[in-house]
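Structural overview for review
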Amino acid sequence: MATTMLAAVVAIAAGCGGGGASPGGGGGGSGNVVKGGILRVGTTNYIDSLNPFVAIESQSYNAFVMEYPQLVQYGPGEKLEGDWATSWTKSSDGRTWTFHLKGGGKWSDGKPLTAADAAWTGNTIVKFGAGPAAYLAAALTHVTHMDAPNATTLIVHYDKPIANVLPQLEQFWVLPQHVWGPLVGSDGKGLKSYRPEQHLPTVAGGPYSISKYQEKGTTVFKPNPYFYGPKSNAEAVAMTYYTNSTSMIADLDQGNIDFADQVPFNAISSLKTDSRFAVQSVPTSEVTNITINSNPLKPKNRELLDPKVREALEYATDRAAIVKVIFAGYAKPWANMLSVQSGPFWLNPAIKPLPFDPDKANQILDSLGYKKGSNGIREVPATTGKYAQPAHPMDYNVIVPDSLDFNGDRQFQIIADDWAKVGVKLHEVAGGDSGQAYGLETAGKYTKFDFATWDWAEYIDPDAQLSYMTRAQWYSWNDTGYNVPWFNNAYLKQATLLDAKQRQALVWKMEARVAHDRPYIQLVNEDLVTANDKGWTGFYPDLNAYCKCYYTAPHKTG
């Protein structure tokens, strides 16, 4: 998901202006554009749902970018530019933003695409933001309502001036009111129960409609003839999900797919020596972590709420081994909740990974009174009071989803071996797909799990990632049970700080607070490595789920 920060800051500070030219191809190849052919994409990340109010996987968000109009999007260079909007202005008090839209557009079923669709979508998200629309609500934080005075004008009203209007609206997908409106009902629950995958082809306003969907198979994107922007160079895009990345690379080798959008890390070296393929590696927004249950009300194993215990466990974690063994060097040790893609302006430079130091970890745990037994496992003394628990070993389960785009089982073993050296025993629990794993984390109101291993694919602007740490995102995006009132309030405030340096200062404090509390032990920031048959070019690996050009620009070489 999402989005070189200084450039974005400049765009925001400018506050208004016309949309840039939409990308029409390039980025990774040369030669004439040859239209036609079916672009066959292989991926190890699947589309978990075609419903934006339900989906959580990044491949789903790439699909939404392809299906739905956005006011703005990120283009080449990761700069914000107009998508459906051609220009925009803001009022003198900064509370009202007016977007001028491309006219004459239609949805893929021939119905007019107008600003009324955008206003309806925005007002519906605002109305049900605390419930069924919570997945999409953070992008519209501080929006009070939207108006559509005519077919090509959308007015967005805020309760106060906002610093990050454009990067927030980049995450706002406009839905067809004539499809979704009848589903809402009085409580909005129909927004979550609707399954677009059961009503194919999807009704889309973006460059593609989805004509075939298989959650764990092939999904076909067919061009929308009424799309308002640059047309797809390919006749269609067929994206196939592989549960086994080795099979995906075998299919690339045999010519059964044209593009692998995440090359398994152990296959990169061999592909780089094969002259048939172009291999690109870019830093990405994907940060992996050890997730720690941080619900202050969890009844058991409450020693894990202690920041000193978490600090000890970070000292006990060998990130360099994970980078070498799991990512073949295509990652860097990482400790910040934000990714490298957010850029130096937003990354607090004081937040650094702790060194791998088992002796230091043992020293901390010894000082807390957790003595090692004859079996080498530490014992937590009995506690009293509301959450009294008998003495118990430091013996915990770790949920490992099977939807990770790296070898989660091997990573678990590295961590388990590291932590065993400091007297902490771990057991792997199969997490299933993303939805199942999230269900395990949130079971019993975030009281049933201790640890998980997972990752985040983040947006460039820090707002979304900060929102995921708030109480308002419990049962939607919050996967730790973290609930700190200061942080909840700081989240609402940071977007209202119009001075970029003031906002930066608060965001840095929020990053530092999370780094101290460690609801996650951040592990590494991955690189994204893609490979394509040289019969195709025009790929933008860094714009996955950011830009419609990710699928419209690739073309055959001529």
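As a starting point, this report considers the structure included with it. (Residues numbered from 1 in each chain as written. Predicted model: local features only at pLDDT ≥ 70, side-chain atom pairs only at ≥ 80, totals over all residues. Heavy atoms only, no water.)

1. Remarks on the overall build of the protein chain
From N to C terminus, the protein chain includes 18 helices and 24 strands. For a compact globule of 558 residues, the expected C-alpha radius of gyration is about 24 Å, and the protein chain comes in at 24 Å, within 12% of that figure. With the C-alpha coordinates aligned to their principal axes, the bounding extent of the protein chain is approximately 75 × 55 × 45 Å. Put simply, the protein chain has 558 residues, and 59% of those count as buried. About 20,400 Å² of surface is accessible on the protein chain, with carbon and sulfur atoms providing 53% of the total. Measuring between centres, the 48 positive side-chain charges of the protein chain sit 4 Å from its 53 negative side-chain charges. (Helix = DSSP H or I, 4+ residues; strand = E, 2+ residues; numbered from the N terminus. Rg over C-alpha atoms; globule rule 2.2 N^0.38 Å. Buried < 20%, exposed > 50% of the residue type's maximum accessible area, 1.4 Å probe, protein only. Areas by Shrake-Rupley, 256 points an atom, 1.4 Å probe, with all protein chains shown as cover. Lys, Arg positive; Asp, Glu negative; His and termini not counted. Charge placed at Lys NZ, Arg CZ, Asp CG, Glu CD.)

2. Examining the sheet that holds strand E17 (residues 378-380)
In space, the 3 strands of this open sheet follow the order E16-E17-E18, with antiparallel pairing throughout. Among the strands making up the open sheet, the edge pair consists of strand E16 (371-372) and strand E18 (392-393). Taken together, the 2 bridges between E17 and E18 define a ladder with antiparallel strand orientation. Looking across to E18, one finds that Val380 is bridged to His392. (Pairing = 2+ DSSP bridges.)

3. Quick word on the side chain of Asp318
Its location among the elements puts Asp318 in the loop between helix H10 (307-315) and helix H11 (319-325). Reaching out from Asp318, the side chain makes a polar contact with the backbone nitrogen of Ala320 at a distance of 3.3 Å. Discounting chain neighbours no more than four positions away, the residues touching Asp318 are Phe356 and Asp418. (Polar contact = N/O pair within 3.5 Å; in protein donor to acceptor, adjacent residues only side chain to side chain. Contact = heavy atoms within 4.5 Å.)

4. Considerations on the packing of helix H16 (residues 485-494) against helix H17 (residues 500-517)
Where H16 meets H17, the closest approach of the two axes is 10 Å, and the angle between their N-to-C directions is 155°. It follows from the interaxial angle that H16 and H17 lie roughly antiparallel. Once H16 is placed against H17, the crossing between them reads as left-handed. Of the residues in H17, those touching H16 at Trp486, Phe487, Ala490, Tyr491, Lys493 and Gln494 are Arg503, Leu506, Val507, Lys509, Met510, Arg513 and Val514. Partitioned by chemical class, the residues of the contact of H16 with H17 number 8 nonpolar, 1 polar and 4 charged. (Axes fitted to C-alpha atoms, helices over the stretch in contact; angles between N-to-C directions. Parallel < 35°, antiparallel > 145°, perpendicular 65-115°, else oblique. Left-handed = near helix turned anticlockwise from the far one by under 90°. Nonpolar A, V, L, I, M, F, W, Y, C, P; charged D, E, K, R; others polar.)

5. Thoughts on the sheet that holds strand E23 (residues 536-537)
Strands sit in the order E2-E24-E23 across an open sheet of 3 strands; the sheet is antiparallel. Each edge of the sheet is formed by a strand with only one pairing partner; in this case those strands are strand E2 (33-34) and E23.

6. What about the pattern of salt bridges?
Pairing of side chains with opposite charge becomes possible as their charged atoms draw close. Tallied over the entire structure, the rule returns 12 salt bridges. Across the pair Glu314 and Arg518 runs a salt bridge, and its minimum N-O distance is 2.6 Å. Here Glu314, found in helix H10, pairs with Arg518, found in the loop between H17 and strand E22 (520-533); they are 204 residues apart in sequence, far enough to count as distant. For the pair Glu314 and Arg518, a shared accessibility class is recorded, and that class is buried. The partner of Arg378 in a salt bridge is Asp366, and the shortest N-O contact between them spans 2.7 Å. (Salt bridge = Lys/Arg side-chain N within 4 Å of Asp/Glu carboxyl O.)

7. Digging into the nonpolar core
One finds Leu71, Phe99, Leu154 and Trp180 to be the most contacted residues of the largest nonpolar core, which totals 85 residues. Considering each element in turn, this core owes the most residues, 5 residues, to helix H3 (residues 115-127). Apart from the residues lying within four places of it in its own chain, the contact partners of Leu71 are Gly82, Asp83, Trp84, Ala85, Phe99, Leu101, Leu154, Leu169 and Phe172. Among the nonpolar cores identified, the runner-up in size contains 59 residues, and Phe277, Ala316, Val424 and Val529 belong to it. (Core = buried A, V, L, I, M, F, W, Y, C linked by side-chain atoms within 4.5 Å.)

8. Here we look at the pairing of E22
Every other side chain in a regular strand lies on the same face of the sheet, so the side chains alternate between the two faces. Of all 14 residues that make up E22, 13 are buried, and the element is covered over most of its length. Both strand E13 (residues 259-260) and E22 contribute to a ladder of 2 bridges, which runs antiparallel. Counterpart to Phe259 in the pairing with E22 is Asn532. Sheet topology note: the strand E14 (residues 277-292)/E22 ladder contains 11 bridges and is antiparallel. Within the sheet, the bridge partner assigned to Pro283 lies in E22 and is Asp527. Across 3 bridges, the pairing between strand E15 (residues 331-333) and E22 is antiparallel. Residue pairing in the sheet places Ala331 in a bridge with Glu526 of E22.

9. Overview of helix H2 (residues 58-67)
A large share of H2 lies buried, amounting to 9 of its 10 residues. Those residues of H2 not exposed but buried are Gln59, Ser60, Tyr61, Asn62, Ala63, Phe64, Val65, Met66 and Glu67. Check the buried side of H2 and you find it contacts strand E3 (38-43), helix H4 (134-137), strand E10 (208-212), strand E11 (218-223), strand E12 (236-241) and helix H18 (549-552).

10. Looking at the pairing of strand E19 (residues 395-400)
Direction of pairing for E19 relative to strand E20 (residues 425-430): parallel, over a ladder of 6 bridges. Paired with Asp395 across the two strands is Lys425, which belongs to E20. With 2 bridges joining them, E19 and strand E21 (residues 451-457) adopt parallel strand pairing. Within the sheet, the bridge partner assigned to Ile399 lies in E21 and is Ala452.

11. Overview of the packing of H10 against helix H12 (residues 358-367)
Close contact between H10 and H12 brings their axes to 7 Å; oriented N to C, the two are set at 160°. Here H10 is positioned roughly antiparallel relative to H12, judged by the angle of their axes. By crossing handedness, the relation of H10 to H12 is classed as left-handed. Where H10 abuts H12, its residues Lys308, Val309, Glu311, Ala312 and Tyr315 lie against Pro358, Lys360, Ala361, Ile364 and Leu365. Its residues assigned to classes, the contact of H10 with H12 comprises 7 nonpolar, no polar and 3 charged.

Fair warning: the whole summary comes from geometry, so function is off the table for now.
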